[in-house]
Amino acid sequence: MVLVFSKRYGIGIYMDTAPTYLLVGVDGGGTGCRVALSTVAGERLGDVAGGPANYSTDPELAIRSVSAALDAAADQAGLGPGWEGRCRAHIGLAGIMSSADAAAVARAMRFAETVVSDDRATSVAGALGERDGMLAAIGTGTIIAGQKKGATRFFGGWGHHLADQASGGWLGRSGLRRTMLAFDGLAEHSDLTRMLLAWFEDDPVGMIAFAQKATPGDFASLARMIIEAAQSGDTTGKALMQEGAGYLCLCIETLKLDTDTVLCLSGGVGPHYADYLPQAHRDRIRPPYGTALDGALALARRGLDKQEGSA
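Residues numbered from 1 in each chain as written. Predicted model: local features only at pLDDT ≥ 70, side-chain atom pairs only at ≥ 80, totals over all residues. Heavy atoms only, no water.

*Asks:* Quick one: what's the story with helix 3 (residues 119-128), residue by residue and with numbers?
*Replies:* Most of helix 3 is tucked away, with nine of its 10 residues classed as buried. Taken residue by residue, helix 3 has Asp119, Arg120, Thr122, Ser123, Val124, Ala125, Gly126, Ala127 and Leu128 as its buried positions. Once helix 3 ends, the next one or two residues include Gly129, with phi positive near 60 degrees. (Buried < 20%, exposed > 50% of the residue type's maximum accessible area, 1.4 Å probe, protein only. Helix = DSSP H or I, 4+ residues; strand = E, 2+ residues; numbered from the N terminus.)

*Asks:* Lay out the sheet that holds strand 9 (residues 142-148) in plain terms, naming residues and giving numbers.
*Replies:* Backbone hydrogen bonds hold the strands of a sheet together, and the pairing may be parallel or antiparallel. Read across the sheet, four strands follow the order 10-9-8-11 without closing on themselves; strand pairing throughout is mixed. Bordering the open sheet on either side are strand 10 (151-155) and strand 11 (262-266), each of which pairs with just one other strand. The average undirected angle you get between the axes of adjacent strands in this sheet is 15 degrees. Both strand 8 (residues 133-138) and strand 11 contribute to a ladder of five bridges, which runs parallel. Looking at the pairing, Gly133 lines up with Val262 of strand 11. (Pairing = 2+ DSSP bridges. Axes fitted to C-alpha atoms, helices over the stretch in contact; angles between N-to-C directions.)

*Asks:* Could you give me a rundown of the packing of aromatic side chains, with the residues and numbers involved?
*Replies:* Under the defined criterion, the tally for this structure stands at three aromatic pairs. Taking the centre distance of 5.8 Å and the plane angle of 85 degrees together, the rings of Phe210 and Phe219 count as edge-to-face. You can call Phe210 partly exposed: its relative accessible area is 23%. Ring-pair connections join several aromatic residues into one group, and the members of that group are Phe200, Phe210 and Phe219. We note Arg120 situated over the ring of Phe154; from NZ or CZ to the ring centre the distance is 4.3 Å. Seen from the ring of Phe219, Arg173 lies directly overhead, with NZ or CZ sitting 5.4 Å from the centre. (Phe/Tyr/Trp six-rings, centres within 6.5 Å; stacked < 30°, edge-to-face > 60°. Lys NZ or Arg CZ within 6 Å of the ring centre and 35° of its normal.)

*Asks:* Could you give an account of unusual backbone geometry, with specific residues and numbers?
*Replies:* Positive phi, close to 60 degrees, is recorded for Asp164, a residue that is not glycine. Take Asp164: it is sitting in the loop between strand 10 and helix 4 (168-183). A relative accessible area of 13% places Asp164 in the buried class. Phi is positive for Ala166, which is not a glycine, with a value near 75 degrees. Structurally, the position occupied by Ala166 is in the loop between strand 10 and helix 4.

*Asks:* Report on the state of the cysteines, specifying residues and quantitative values.
*Replies:* Inspection of every chain in the model, using the stated rule, returns zero disulfides. No disulfide involves Cys87; its sulfur sits 16 Å from the nearest other cysteine sulfur, which is in Cys33. The exposure class assigned to Cys87 is buried, which follows from its relative accessible area of 0%. As a non-bridged cysteine, Cys249 has Cys251 as the owner of its nearest cysteine sulfur, 9.3 Å distant. Taking the relative accessible area as the measure of exposure, Cys249 reaches 10% and is therefore buried. (Disulfide = S-S within 2.5 Å.)

*Asks:* Run through the nonpolar core, naming residues and quoting values.
*Replies:* Counting residues in each nonpolar core, the largest one holds 39 residues, and the members touching the most others are Met134, Ile144, Leu171, Leu248 and Tyr273. Elements represented by at least two residues in this core include exactly strand 8, helix 4, helix 5 (191-199), helix 8 (223-231), helix 9 (235-255) and strand 11. Sort the elements by how many residues they give to this core and helix 9 lands first, with nine residues. Excluding anything up to four places from it in sequence, Leu171 contacts Ala166, Ala223, Ile226, Ile227, Leu240, Met241, Val269 and Tyr273. (Core = buried A, V, L, I, M, F, W, Y, C linked by side-chain atoms within 4.5 Å. Contact = heavy atoms within 4.5 Å.)

*Asks:* So what about a nonpolar patch on the surface? Which residues, and what values?
*Replies:* Residues Met97, Trp158 and Leu162 make up a contiguous nonpolar surface patch of about 390 Å² in total accessible area. Mapped onto the fold, Met97 is located in the loop between strand 6 (87-93) and helix 2 (99-108). (Patch = residues over 30% accessible without salt bridge, like charges linked within 9 Å, V, L, I, M, F, W, Y side chains within 5 Å. Areas by Shrake-Rupley, 256 points an atom, 1.4 Å probe, with all protein chains shown as cover. Salt bridge = Lys/Arg side-chain N within 4 Å of Asp/Glu carboxyl O.)

*Asks:* Tell me about the pairing of strand 10, and name the residues and values.
*Replies:* In the sheet, strand 9 pairs with strand 10 via five bridges, with the strands oriented antiparallel. The partner of Lys148 across the bridge, within strand 10, is Ala151. Where strand 9 hands over to strand 10, the hairpin turn is made up of two residues, of which Lys149 adopts a positive phi near 50 degrees.

*Asks:* Hey, could you go over the pattern of salt bridges for me, with residue numbers and the actual values?
*Replies:* Here the idea is simple: oppositely charged side chains can pair when their charged atoms come close. Tallying each qualifying case throughout the model produces 11 salt bridges. Taking the shortest distance from any N to any O, the salt bridge between Arg44 and Asp47 comes out at 2.8 Å. The partner of Arg178 in a salt bridge is Glu243, and the shortest N-O contact between them spans 3.1 Å. With a gap of 65 residues between them, Arg178 in helix 4 and Glu243 in helix 9 connect regions that are remote in the sequence. Residue classification places Arg178 among the partly exposed positions, given a relative accessible area of 28%. Here the salt bridges do not stand alone but share partners, grouping Arg34, Arg44, Asp47 and Asp294 into one network.

So yeah, pure geometry; function would need other evidence.
Encoded structure:
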């Protein structure tokens, strides 16, 4: 979902104008957000990390986190009062599911022009640039996108309740489910399930209480334990990583990528799936050009170029 908001005309397709622009990029997800300010020429003036910013999980917290990080970035850049009026911003947040969501975020900002999207668009722009390929950006949540001849197809993005397969949040929750099965005698215990149970002082009631209140980020805090267990040969850890890799393979096969098309694995979890993919898919892995934050700035610049080209 993408929305353009102009302070002069309100929500719509119109563009505000200013004699000079600064660019603002925002990338927000369940674990945290990052914002950057740059000149049109690409010089970074401010780059700050902030708090959680998944809009579907907690809209008010997402806006507070982004706003606080923006203020800190402006201070870092030495910008004075009214700096927002010179800015063209692209804000990409996990959990933007509708035009109403995008409008709410846009209204909370004070920029000359604000484009709001979910974080998939910024992730693709940052990782692939203009290349044909597939991006699997996997951290707390999961973004899967294929790009071919300028057209982009997305998989998932439906929130942690119904999607986010292979993500850190999915790994953590799946690990706890396997642990409960082992506790009930319906699956074999492994070092990982014993470790997860011990994490809750061997009390399944404590695990249940955690799961009832846990955010995707809370579940994702357990992902590192699962990844490391799989690397050491733990059967439960390996099974979870193989299941996550199977989802990536399904997306690759559905996209029908050309044999020379690149595959980018990014995020805190994504690169760890490389060892669980078939060799044919491992051979196509290439590093991403940049991050979702880089993509947000690139999209802000593209929008400015398009505005100036139509002027």
